[in-house]
Number of protein chains: 2
Amino acid sequence: MKKLITISREYGSGGRIIGKLLAEKLNVPFYDREIIDLSVEESGFSKEVIEGAELKAKSGFAYNLSTALNFNEGFGGALSVNDKLFLAQFEVIRKIGEAGEGVMVGRCADYVLRELPGVTNVFIHAELEDRIKRAVEKYGENPDKVAQKVKDYDKARKNYYDYHTGLKWGEYSNYNLSLNTSYITEEMACELIATYIESRTYK
Amino acid sequence: MKKLITISREYGSGGRIIGKLLAEKLNVPFYDREIIDLSVEESGFSKEVIEGAELKAKSGFAYNLSTALNFNEGFGGALSVNDKLFLAQFEVIRKIGEAGEGVMVGRCADYVLRELPGVTNVFIHAELEDRIKRAVEKYGENPDKVAQKVKDYDKARKNYYDYHTGLKWGEYSNYNLSLNTSYITEEMACELIATYIESRTYK
């Protein structure tokens, strides 16, 4: 079975770093948000539109999309720029998933790939104080502004995910494994995920 | 650091079995719902009241409790039989926690022990079809009635937890580790939890 892993994460929980370690350990490609966005940029969306979309997501894309499809209005008329952007991202992630193996971080990849067999979905979280600490020490965030940024980013990620999937970000039933990284190292989180993947069955 | 582990679980996910395996592996006592209830029975509550309480829980105990405390009404007047029962369970779990080590399954133990240092909280879940299968094959449930029972029990557990804690049952932030056991064996789930515990830090 090909190894496809998606990682969703709270801001500052180390999810991206763990994803990169995991890709190295499993010897599969690593795709983070920036790599996915780059492919989308190539299809004509500006960097500004792509970066702004997450912060603007509110609610109801899954509903809007099914409505648009049911009434056969066509995407061109019924969908906003942000929704068209999501569909472009959707396509990039779907192609990566169908092509083979990899670790994908963010961008609702668990939802996009939900019909493919054998995807392992992981959620990484941590206590707020540790996420603030990591954001300052490892991501170089401004200590005076970081607490608000952590909260804003989590809210944006939740809105973006809930809006586009009709599911709830972080809800256990979407994931194979959820880990609190406040009490274990990034290496150990990688180790635990790899053990799950190597011992799991497929349906 | 003493090893205290709480396990919350969807009905039919194997959480109780995993807890028992884990207690054996870590060489600490195992406390399931029945053992906790037995202690509560000894303090004067009937078996019927104890078993009925979970199914009757609705919402707002944490709020009611804080209101009762704030207005200094005394438990005797302000609390229902079910709420008094929860306080008796609370005391049993707190004493187990303060006395030492163990694996505790169910009964909001994660919430009761939240102020103790070094408790590891685990949530076990699985796909509905696998929980139905386990309930029939391992718990001996009636195949004709099991699907409804699984749903009723999950709903009751969620209500009971949310009512008594003011938190949300299954929400990732309450747990160190959440595992979907549809794709791994009970032994592997035990192994992953033990690895987390043995490599975790304490604050």
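Residues numbered from 1 in each chain as written. Chains lettered and ligands numbered in written order. Predicted model: local features only at pLDDT ≥ 70, side-chain atom pairs only at ≥ 80, totals over all residues. Heavy atoms only, no water.

A. The arrangement of the overall build of chain A in detail. For chain A, the helix and strand inventory stands at 10 helices and five strands. In chain A, which comprises 203 residues, the proportion classed as buried is 53%. (Helix = DSSP H or I, 4+ residues; strand = E, 2+ residues; numbered from the N terminus. Buried < 20%, exposed > 50% of the residue type's maximum accessible area, 1.4 Å probe, protein only.)

B. A look at the packing of aromatic side chains. In this structure the tally under the stated criterion is 16 aromatic pairs over all chains. With 6.4 Å between their ring centres and 85° between their planes, Tyr172(A) and Trp169(B) make a pair best called edge-to-face. Highlighted residues: Tyr172(A) in the loop between helix 9 (146-165) and strand 5 (177-180) and Trp169(B) in the loop between helix 9 (146-165) and strand 5 (177-180), drawn from two different chains. According to the relative accessible area criterion, Trp169(B) is buried, its value standing at 9%. When the ring of Tyr11(B) is compared with that of Tyr153(B), the centres are 4.8 Å apart and the planes differ by 45°; the resulting orientation is tilted. Of this pair, Tyr11(B) sits in the loop between strand 1 (4-9) and helix 1 (15-26) while Tyr153(B) sits in helix 9, placing them 142 residues apart in sequence. Through pairs of rings, three or more aromatic residues link up here, namely Phe123(A), Trp169(A), Tyr175(A) and Tyr172(B). The ring of Tyr111(A) has Arg114(A) lying over it, and the distance from NZ or CZ to the ring centre is 3.9 Å. Positioned above the aromatic ring of Tyr183(B), the side-chain terminus of Arg200(A) is 4.5 Å from the ring centre. (Phe/Tyr/Trp six-rings, centres within 6.5 Å; stacked < 30°, edge-to-face > 60°. Lys NZ or Arg CZ within 6 Å of the ring centre and 35° of its normal.)

C. Spatial organisation of the confidence of the model for chain A. Residue and element names in this part refer to chain A. Looking at chain A as a whole, the pLDDT averages 87, with 88% of positions reaching at least 70. Contacts for the low-pLDDT stretch residues 70-76, under 50 throughout, to residues beyond four places or in other chains number eight contacts. Predicted as a complex, the structure gets a pTM of 0.88 and an ipTM equal to 0.87. (pLDDT = per-residue confidence, 0-100. Contact = heavy atoms within 4.5 Å.)

D. Representation of the packing of helix 8 (residues 128-137) of chain A against helix 9 of chain A in the model. Residue and element names in this part refer to chain A. Between helix 8 and helix 9, the least distance of the axes is 10 Å, while the angle of their chain directions is 110°. Relative to helix 9, the element helix 8 is oriented roughly perpendicular. The residues of helix 9 that touch helix 8, namely those facing Leu128, Arg131, Ile132, Ala135 and Val136, are Val146, Ala147, Val150, Lys151 and Asp154. Grouping the amino acids of the contact of helix 8 with helix 9 by side-chain chemistry returns seven nonpolar, no polar and three charged. (Axes fitted to C-alpha atoms, helices over the stretch in contact; angles between N-to-C directions. Parallel < 35°, antiparallel > 145°, perpendicular 65-115°, else oblique. Nonpolar A, V, L, I, M, F, W, Y, C, P; charged D, E, K, R; others polar.)

E. Focus on unusual backbone geometry. The phi dihedral of Cys108(A) is positive, around 55°, even though this residue is not glycine. Locating Cys108(A) in the fold gives a position in the loop between strand 3 (102-105) and helix 7 (109-112). Non-glycine residue Arg107(B) carries a positive phi angle of around 60°. Tracing the chain through its elements places Arg107(B) in the loop between strand 3 (102-105) and helix 7 (109-112).

F. A look at helix 9 of chain B. If you check helix 9 of chain B, its first and last C-alpha atoms are 28 Å apart, about what 20 residues at 1.5 Å a residue would give, namely 28 Å. Among all positions in helix 9 of chain B, only Val146(B), Val150(B), Asp154(B), Ala156(B), Arg157(B), Tyr160(B), Tyr161(B), Asp162(B), Tyr163(B), His164(B) and Thr165(B) are buried. (Expected span 1.5 Å × (residues − 1).)

G. Highlighting the interface of chain A and chain B. Listed by partner, the interface residues are 26 residues for chain A and 26 residues for chain B. Of the roughly 2300 Å² buried between chain A and chain B, counting both surfaces, carbon and sulfur atoms make up 57%. Here chain A and chain B share zero salt bridges between them. Applying the counting criterion to the chain A and chain B interface returns nine residue pairs in polar contact (both at pLDDT 80 or more). (Buried area = accessible area lost by both parts, 1.4 Å probe. Salt bridge = Lys/Arg side-chain N within 4 Å of Asp/Glu carboxyl O. Polar contact = N/O pair within 3.5 Å; in protein donor to acceptor, adjacent residues only side chain to side chain.)

H. Representation of the relation of the copies chain A and chain B within the structure. Least-squares fitting of chain A to chain B yields an RMSD of 0.0 Å, with the superposition described by an axial translation of 0.0 Å and a rotation of 180°. These values place the two chain copies in the arrangement generated by a two-fold rotation axis. Among all C-alpha atoms of chain A, that of Ser178(A) lies closest to the rotation axis, at 2.4 Å. Take the interface residues of chain A: 100% of them recur as interface residues in chain B, which is what a same-surface contact looks like. (Least-squares fit on C-alpha atoms with pLDDT ≥ 70 in both.)

I. Representation of the pairing of strand 5 of chain B in the model. Alternating residues of strand 5 of chain B divide into Leu177(B) and Leu179(B) and Ser178(B) and Asn180(B), and every residue in both groups is buried. Bridging between strand 5 of chain A and strand 5 of chain B involves three bridges; their strand directions are antiparallel. In the sheet register, Leu177(A) faces strand 5 of chain B, and the bridge partner there is Leu179(B). Pairing of strand 4 (residues 119-125) of chain B with strand 5 of chain B, which is carried by four bridges, proceeds in the parallel orientation. Among the inter-strand pairings, His125(B) is bridged to a residue of strand 5 of chain B, identified as Asn180(B). (Pairing = 2+ DSSP bridges.)

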